[in-house]
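# Architecture and fold: a report
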Amino acid sequence: MHFSTHPFWLVGFRPFFSLTCLAGMSLPVIWALIFSGAVTLPDASFTAVQWHAHEMFFGFGWAVLGGFLLTSTKNWVNIRGYHGPALILLAAAWIIERIGMAFGGSWPHAAFLLTNNLFLGSIVAMLLWTLIRHRETDSYRDNAFFLIMLPGFLIAKYLMLEGGDFTTGYSMAIGLFRLAFLVMLERTLTGFMKAAFQTQLLRHPVLDMSIKLLGLVLVLEFALPRPITAAISLTLATLLAIRFFYWKPQLAFQRLDIGVMYIGYLCLVAQLLIEALGHAVTFIWVGSVSVHLFTFGVMGLIIPGMIVRISKGHTGRKVIFQTGDKLVLVIMLAALFARIIAPQWLPAAYLGWIHLAATCWFAAFAILGWRTIPLLLRPRIDGREH
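The structure displayed is predicted, hence computed values, not measured ones.

Our focus in this paragraph is the overall build of the chain. Along its length, the chain carries 13 helices and zero strands. Relative to the 2.2 N^0.38 estimate, which gives 21 Å for 386 residues, the radius of gyration of the chain is 20 Å and therefore close to what a compact globule would have. Principal axes of the C-alpha set define a box for the chain whose edges measure 60 × 55 × 40 Å. Per-residue burial for the chain yields a buried fraction of 54% across its 386 residues. In the chain, the share of contacts with a sequence separation of at least 24, taken over all contacts with a separation of at least 6, comes to 76%. Summed over its atoms, the accessible surface of the chain is roughly 16,200 Å², and 70% of this surface lies on carbon and sulfur atoms. Distance from the positive charge centre (27 side chains) to the negative charge centre (16 side chains) of the chain: 11 Å.

In the contact formed by helix α2 (residues 48–77) and helix α5 (residues 144–161), the axes pass within 12 Å of each other and the chain directions differ by 160 degrees. Regarding the angle of α2 to α5, the classification is roughly antiparallel. The crossing of α2 and α5 is left-handed. Where α2 abuts α5, its residues Gln50, Ala53, His54, Phe57, Phe58, Trp62, Leu65, Leu69 and Trp76 lie against Phe146, Leu150, Phe153, Ala156, Lys157, Met160 and Leu161. Tallied by class, the residues present in the contact of α2 with α5 amount to 13 nonpolar, two polar and one charged.

By the definition in use, this model includes zero disulfides. Counting only cysteine sulfurs, Cys360 is the nearest neighbor of Cys267, a cysteine outside any disulfide, at a range of 15 Å. Residue class for Cys360 comes out buried when judged on its relative accessible area of 11%.

Inspection of the entire model under this criterion finds 17 salt bridges. For the salt bridge of Arg98 with Glu55, the shortest nitrogen-to-oxygen distance reads 2.6 Å. You can see Arg98 sitting in helix α3 (residues 85–103) and its partner Glu55 sitting in helix α2, a full 43 residues away along the chain. On the basis of relative accessible area, Arg98 is assigned to the buried category, the value being 11%. The class for Glu55 is buried, based on a relative accessible area of 2%. The partner of Lys212 in a salt bridge is Asp142, and the shortest N-O contact between them spans 2.5 Å. Taken as a pair, Lys212 in helix α7 (residues 205–218) and Asp142 in the loop between α4 (109–133) and α5 lie far apart in primary sequence, 70 residues in all. A single burial state applies to Lys212 and to Asp142, both of which are buried.

The subject of this paragraph is α7. One turn of an α-helix holds 3.6 residues; hence residues three or four places apart share an orientation. Between the first and last C-alpha of α7 there are 20 Å, a value that for 14 residues agrees with the 20 Å anticipated at 1.5 Å per step. Inspection of α7 places Leu207, Asp208, Ile211, Lys212, Leu214, Gly215 and Leu218 among the buried residues, and these make up the whole buried set. Buried positions in α7, seen along its axis, are confined to an arc of 160 degrees and lie on one side of it. For α7, the exposed residues set more than 90 degrees away from the buried face come down to Pro205 and Val206.

Turning our attention to helix α6 (residues 166–197). The first and last C-alpha atoms of α6 sit 44 Å apart over 32 residues, in line with the 46 Å expected at 1.5 Å per residue. The principal kink in α6, of about 30 degrees, is found at Leu185. Within α6, 26 of the 32 residues are buried, which leaves the element mostly enclosed by the surrounding structure. Once α6 finishes, Gln198 follows within two positions and takes phi at roughly 50 degrees, a positive value.

In this section: the packing of helix α8 (residues 226–246) against helix α10 (residues 256–277). Between two packed helices, what matters for the description is the angle formed by their axes and the separation of those axes. Packing of α8 against α10 brings their axes to within 8 Å, and their N-to-C directions diverge by 155 degrees. Classified by the angle their axes make, α8 and α10 are roughly antiparallel. Note that α8 runs across α10; the crossing there is left-handed. Here Ala230, Ser233, Leu234, Leu236, Ala237, Leu240, Ala241, Arg243 and Phe244 of α8 lie close against α10, whose contacting residues are Tyr262, Tyr265, Leu266, Leu268, Val269, Leu272, Leu273, Glu275 and Ala276. Taken together, the residues that form the contact of α8 with α10 break down as 15 nonpolar, one polar and two charged.

About the thresholds
- Residues numbered from 1 in each chain as written.
- Predicted model: local features only at pLDDT ≥ 70, side-chain atom pairs only at ≥ 80, totals over all residues.
- Heavy atoms only, no water.
- Helix = DSSP H or I, 4+ residues; strand = E, 2+ residues; numbered from the N terminus.
- Rg over C-alpha atoms; globule rule 2.2 N^0.38 Å.
- Buried < 20%, exposed > 50% of the residue type's maximum accessible area, 1.4 Å probe, protein only.
- Contact = heavy atoms within 4.5 Å.
- Areas by Shrake-Rupley, 256 points an atom, 1.4 Å probe, with all protein chains shown as cover.
- Lys, Arg positive; Asp, Glu negative; His and termini not counted.
- Charge placed at Lys NZ, Arg CZ, Asp CG, Glu CD.
- Axes fitted to C-alpha atoms, helices over the stretch in contact; angles between N-to-C directions.
- Parallel < 35°, antiparallel > 145°, perpendicular 65-115°, else oblique.
- Left-handed = near helix turned anticlockwise from the far one by under 90°.
- Nonpolar A, V, L, I, M, F, W, Y, C, P; charged D, E, K, R; others polar.
- Disulfide = S-S within 2.5 Å.
- Salt bridge = Lys/Arg side-chain N within 4 Å of Asp/Glu carboxyl O.
- Expected span 1.5 Å × (residues − 1).
- Arc of directions from axis to C-beta.
- Bend = angle between axes of the 7 residues up to and from the residue.

Any functional reading would require information that these geometric values do not contain.
Spelled out as structure tokens, the structure:
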């Protein structure tokens with residue numbers, strides 16, 4: 001078997017979910033060691049905080065988002081999709097970017113820029129090409145949001161590292177990932193609840209579109225007056241909360257695999273409320289609660305379950321959460337508690353909580369990788385190619 005025809009390179013989720021597991025294991029632990037002073041980054045033009053934010057959004061976050069979109073876009077427009085050498089080059093570009101972020105401070109600036117933008121620039125161009133070229137056969141008209149979102153990530157990345165405005169880039173990155181989750185949760189939870197409980201969730205076109213449009217506006221939060229962004233955040237949180245109660249949480253919480261996604265949904269609402277009320281009320285939080293409600297509560301809780309579902313379902317297996325899969329979700333709930341709730345209760349142990357949260361990420365993604373990567377390395381068991 002030729003290397004490029006190995007099952008691992010048949011479809012985008014296979015290599016990129018594997019890289020997601022490696023990133024989830026390593027990046028939070030490295031940051032905890034940097035934060036505590038045990039490890040120092042080589043000299044670079046960016047700070048350690050910039051490194052941490054960039055790597056969690058554009059290393060970890062874009063590994064999973066890239067794997068998801070490479071897989072889903074081909075299904076949305078009904079084409080074969082990128083595979084073989086195209087995926088090998090993308091995975092190599094992602095790895096080179098991680099090396100550059102770790103050691104590229106001494107590289108010529110042009111070389112650093114090339115390695116730092118090759119992956120994201122390439123995958124954004126490829127995804128846009130798929131969605132635009134096959135627009136007529138697209139199953140989802142609201143994929144227009146991705147046509148706006150994808151180039152936005154390039155701008156956010158530039159601002160975080162090169163544009164001299166880290167805060168703006170960081171705000172944009174959160175807004176873009178938030179919008180991606182708003183679009184994806186709307187589609188996936190509907191299907192999951194129907195499969196698990198044979199129930200239909202409320203889908204009101206005006207409500208759904210209002211939520212996504214408000215999410216899109218908040219991508220530009222940095223450019224708007226604070227009272228306006230507070231009002232938009234509060235409105236979006238309110239609409240999401242109203243829809244949450246119509247989405248039958250009393251059923252969802254009967255199953256851990258769906259229940260954690262609903263907790264992730266609530267963390268999204270909570271993050272918006274903190275952003276909204278923080279403009280008017282001074283909260284004394286220990287640690288950066290708002291951003292970590294999103295990264296631990298939304299990304300940390302929803303992504304592992306999605307990886308399990310897609311890795312099993314798209315390799316021809318039944319989507320059943322076994323004991324090991326459920327353990328991953330429980331560990332990520334513990335990580336959320338350690339990073340957000342525990343420091344408010346015992347702030348003197350803040351450094352210990354950060355190390356515990358990072359250890360939870362390591363354990364969860366190590367188990368997830370141990371369970372799923374072998375599936376990603378093998379052909380589908382139902383006889384289909386991809």
